[in-house]
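Fold and contact review
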Amino acid sequence: MQRACEPIKASLRNNRNPLLYNSFLASSPPFVAIFQFMSKLWQARFFTTVNQLRDLPTTTAPEIAFAGRSNAGKSTAINILTNQKGLAFASKTPGRTQHINYFSIGGAHVGQHRKDPTRIDEIEALLVDLPGYGYAEVSGSAKLHWQKLLGDYVQRREQLAALVLIMDSRRPFTELDIQMLEWFAPTGKPIHCILTKADKLNRNESTNALRQARQMLDSYVDEDGEGFPFTVQLFSALKRIGIDEANDKIIDLLGLTDVERDPNAVLIDPVDSDD
Ligand code: GDP
């Protein structure tokens, strides 16, 4: 029986459809459960896209939002964390760039087609891809629209459990990153900073970048002199640095329990070009 499952398992793996593969595992008899290998984040699938706060989904599941300057490596980080090459890339198609894109975790089922609707009441969590900021080419009014959308969303969205702030490790905490941080800090919710492209730094530079970022975050205190729940890590999609750390942090911030990971899992390589 176990052997009979192997070709299906191999074919699902080769198709690189984590949702389908996970569904297969979930539906399989207990002895197959030992093959569970993926992160919960690998179940992410496109849910919806919104351009106005009033269109935000009425879901109650916890959300974690990814913010960052354009070109900081946000899409790449989302893709590698969800192990899906095209997930956040899809948001780069014209017209979608200025939108907030939602990816759901949970709510999809065994044998379900990729295009079948997600079962909203079964969504466990949502990953929220916020529009990248700092685009030089964007017109003044569009920029204002984005800023208002971003500011209002991070400050007012109750379901938002935490913010992931994606910054290039070589130039973190730009003016707009700090703006984002200061918008969100008063909510008292956690911010996890991911310093991307760590492969561009040598060992000393990496140590310094991390230390300076920690100092920067520690410099924020509330009226009582208490620090904020800010954390930071190094990350490289190219060299696969910090992926487990980021995964575990996000799972924790969303209040999810991750599944066991298999060292033989098929991993995507989402970095096409090096900037
Ligand atoms: P976004 O605009 O923030 O979504 O940024 P992208 O994910 O599109 O990445 C911007 C550029 O940085 C692309 O050329 C990526 O290939 C590159 N990039 C992303 N992550 C890494 C990384 O870990 N290392 C290196 N060297 N380049 C990266």
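Right above here is the structure, for reference.
Read on for a plain summary of the structure.

Regarding its fold elements, the protein presents seven helices and seven strands. Along the protein, helices and strands appear, N-terminal first, in the series α-α-β-β-α-β-β-α-β-α-β-α-β-α. Out of the 275 residues belonging to the protein, those deemed buried represent 35%.

Our next topic: the sheet that holds strand S1 (residues 45-50). Spatially, S1-S3-S4-S2-S5-S6-S7 is the arrangement adopted by the seven strands of the open sheet, whose pairing is mixed. Both edges of this open sheet fall to S1 and strand S7 (230-234), since each of them pairs with a single strand only. Taken pair by pair, the neighbouring strands of this sheet meet at an average axis angle of 25 degrees, ignoring direction. As judged from the six bridges shared by strand S5 (residues 160-168) and strand S6 (residues 191-196), these two strands associate in the parallel manner. Bridge assignment links leucine 163 to a residue of S6, and that residue is isoleucine 191. Lying on the sheet, helix H5 (residues 175-184) is in contact with strand S2 (63-68), S5 and S6; it crosses S5 at an angle near 165 degrees. Where helix H6 (residues 203-218) meets the sheet, its contacts fall on S6 and S7, and the angle it forms with S7 comes to roughly 170 degrees.

The rules behind these values
- Residues numbered from 1 in each chain as written.
- Predicted model: local features only at pLDDT ≥ 70, side-chain atom pairs only at ≥ 80, totals over all residues.
- Helix = DSSP H or I, 4+ residues; strand = E, 2+ residues; numbered from the N terminus.
- Buried ≥ 20, exposed ≤ 12 C-beta atoms within 10 Å, placed from the backbone.
- Pairing = 2+ DSSP bridges.
- Axes fitted to C-alpha atoms, helices over the stretch in contact; angles between N-to-C directions.
- Contact = placed C-beta atoms within 7 Å.

Keep in mind these numbers describe shape, not what the thing actually does.
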